[in-house]
Structures are given as structure tokens and as C-alpha cells.
Amino acid sequence: LLAGFLYEKAIKAEEKDIDFQIIIEDYGFKTNLKDYELIEIIGNLIDNAFETGIEGNVVKLTLKREKDMSVIEVKNKHPYLSNSTINKFFKPSYSTKLIDNYSHGFGLPNIKGIIKRYNGVIDVLNESMDESNFVVFRILLR
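In this text the structure is predicted, and so the values were computed from the model without any measurement.

Student: Whenever I open this one, the overall build of the protein chain confuses me. Can you help?
Tutor: Along its length, the protein chain carries four helices and seven strands. The globule rule puts the C-alpha radius of gyration for 142 residues at 14 Å, and the 15 Å found for the protein chain is close to it. For the protein chain, the spread of C-alpha atoms along the principal axes amounts to about 40 × 30 × 30 Å. Within the protein chain, buried positions represent 46% of all 142 residues. The long-range share in the protein chain, meaning contacts at least 24 apart out of those at least 6 apart in sequence, stands at 62%. A total of about 8,400 Å² of accessible surface is found on the protein chain, and carbon and sulfur atoms cover 49% of it.

Rendered as C-alpha cells:
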């Protein structure tokens with residue numbers, strides 16, 4: 001299910017001229033999430049990364065294990081974000097983009113709720129790579 005979903009995202013990335021990289025370090029990747037929750041989390045993070053409007057955007061999805069945790073990381077090119085801006089991401093109706101004159105902003109709070117139900121953690125940080133800043137969404141689940 002996830003493979004087909006990611007294939008569809010890869011096609012959309014190509015249409016939008018986005019360098020979308022899927023890095024699977026653990027082909028036995030498993031979480032306690034229901035399939036639709038995993039798709040909702042990864043889909044929302046990828047869609048957000050695709051919609052930045054940044055020229056030459058690079059989006060990296062990594063699925064891996066670290067110790068006893070499953071890790072989902074989505075990184076994308078983005079100007080540096082302050083901690084105060086990052087903290088606003090999880091407030092309902094906050095959005096950095098305006099689509100069709102409506103602010104959306106419910107995806108990340110929904111994701112945080114799902115992760116919290118499974119006693120997981122989501123971190124957001126800036127990371128310097130290849131002389132560019134990337135915003136990183138890192139989810140840890142048992």
C-alpha cells in the first residue's frame with residue numbers, strides 16, 4: 001500500500017520538477033500505526049514539502065529503525081525557521097500557505113494527535129546540507 005502511494009508521489013514530484021528521494025534503510029519497516037494513519041502522516045508531510053514553492057526543491061523521505069524505534073523523516077529545502085515559527089506549526093489553523101484564499105493548517109495538528117496516541121514523538125528542526133537549509137520532520141514510533 002505504501003509503495004503504491006509513494007510511487008504516485010514520485011510521479012507528482014517529477015511533474016513539479018521536485019527532486020524527491022525515497023531512502024529506505026529498513027525494508028521491514030513496521031509501526032503500530034494503522035495503514036491509513038501511516039499514509040496520512042507521510043502524505044501530509046510530503047504534500048507540505050512539495051508545496052513550499054522553493055525553486056530547486058529537494059524532498060527526502062527516510063524510513064529506518066534506530067534502536068527499538070521506527071523513524072520517519074521528511075526533509076525539504078527551506079529557509080531557516082525560528083523555534084517560534086516551528087512551534088506554531090502544530091496550532092490548529094496555522095499555515096504558512098494560502099490556497100484558494102483559505103488558510104488550511106490542520107494537517108500537522110492531526111499528525112501530532114495520531115503520534116501522541118501511539119506514544120510517539122515528532123521533532124522539527126533545521127539541518128544544513130549541501131550548503132542549503134532543510135526543515136526536518138522526524139517522527140519516532142515504537
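This is not the end of the story, as more comes after the structure.
Student: Please explain the packing of helix 2 (residues 35-50) against helix 4 (residues 107-117) as it appears in this structure.
Tutor: Angle between the axes and distance between the axes: these two values describe a pair of packed helices. As a packed pair, helix 2 and helix 4 sit with axes 10 Å apart at the nearest point and diverge in direction by 145°. In this structure, the crossing between helix 2 and helix 4 has a hand that is left-handed. Residues Glu37, Glu40, Ile41, Asn44, Leu45 and Asn48 of helix 2 pack against Gly107, Leu108, Asn110, Ile111, Ile114, Ile115 and Arg117 of helix 4. Of the residues assigned to the contact of helix 2 with helix 4, the class counts are six nonpolar, four polar and three charged.

Student: Got a minute to help me understand the sheet that holds strand 7 (residues 132-141) in this structure?
Tutor: Each strand in a sheet pairs with its neighbour through backbone hydrogen bonds, running either in the same direction (parallel) or in the opposite one (antiparallel). Within the open sheet, the five strands sit side by side as 1-2-3-7-6. Their pairing is mixed. The open sheet has two edge strands, strand 1 (19-24) and strand 6 (121-129), and neither has a second partner. For this sheet, the mean inter-axis angle between neighbouring strands, taken without regard to orientation, is 15°. In terms of strand pairing, strand 6 meets strand 7 through nine bridges, oriented antiparallel. The residue bridging Val121 from the neighbouring strand is Leu140, located in strand 7. With respect to the sheet, helix 1 (residues 2-15) is in contact with strand 1 and strand 2 (58-66), its orientation differing from that of strand 1 by roughly 155°.

Student: Quick question: what am I supposed to make of the environment of Lys88 here?
Tutor: Following the sequence through the fold, Lys88 ends up in helix 3 (residues 83-88). Of the residues examined, Lys88 reaches a relative accessible area of 38% and is grouped as partly exposed. Here the alpha-carbon distance between Lys88 and Lys112, two residues 24 residues apart in the chain, equals 13 Å.

Student: It is not clear to me how the pairing of strand 7 should be interpreted in this structure. Could you clarify?
Tutor: Along any regular strand the residues' side chains alternate between the sheet's two faces. Among the ten residues in strand 7, ten count as buried, and that is most of the element. Because side chains alternate across strand 7, one face comprises the buried residues Ser132, Phe134, Val136, Arg138 and Leu140, and the other comprises Asn133, Val135, Phe137, Ile139 and Leu141, equally buried. Bridge analysis of strand 3 (residues 69-77) against strand 7 gives eight bridges, and the strand direction is antiparallel. Its bridge partner being in strand 7, Glu73 is matched across the sheet by Arg138. Two successive antiparallel strands, strand 6 and strand 7, enclose a turn made up of two residues, where Asp130 displays a positive phi of approximately 50°.

Parameters at a glance
- Residues numbered from 1 in each chain as written.
- Predicted model: local features only at pLDDT ≥ 70, side-chain atom pairs only at ≥ 80, totals over all residues.
- Heavy atoms only, no water.
- Helix = DSSP H or I, 4+ residues; strand = E, 2+ residues; numbered from the N terminus.
- Rg over C-alpha atoms; globule rule 2.2 N^0.38 Å.
- Buried < 20%, exposed > 50% of the residue type's maximum accessible area, 1.4 Å probe, protein only.
- Contact = heavy atoms within 4.5 Å.
- Areas by Shrake-Rupley, 256 points an atom, 1.4 Å probe, with all protein chains shown as cover.
- Axes fitted to C-alpha atoms, helices over the stretch in contact; angles between N-to-C directions.
- Left-handed = near helix turned anticlockwise from the far one by under 90°.
- Nonpolar A, V, L, I, M, F, W, Y, C, P; charged D, E, K, R; others polar.
- Pairing = 2+ DSSP bridges.

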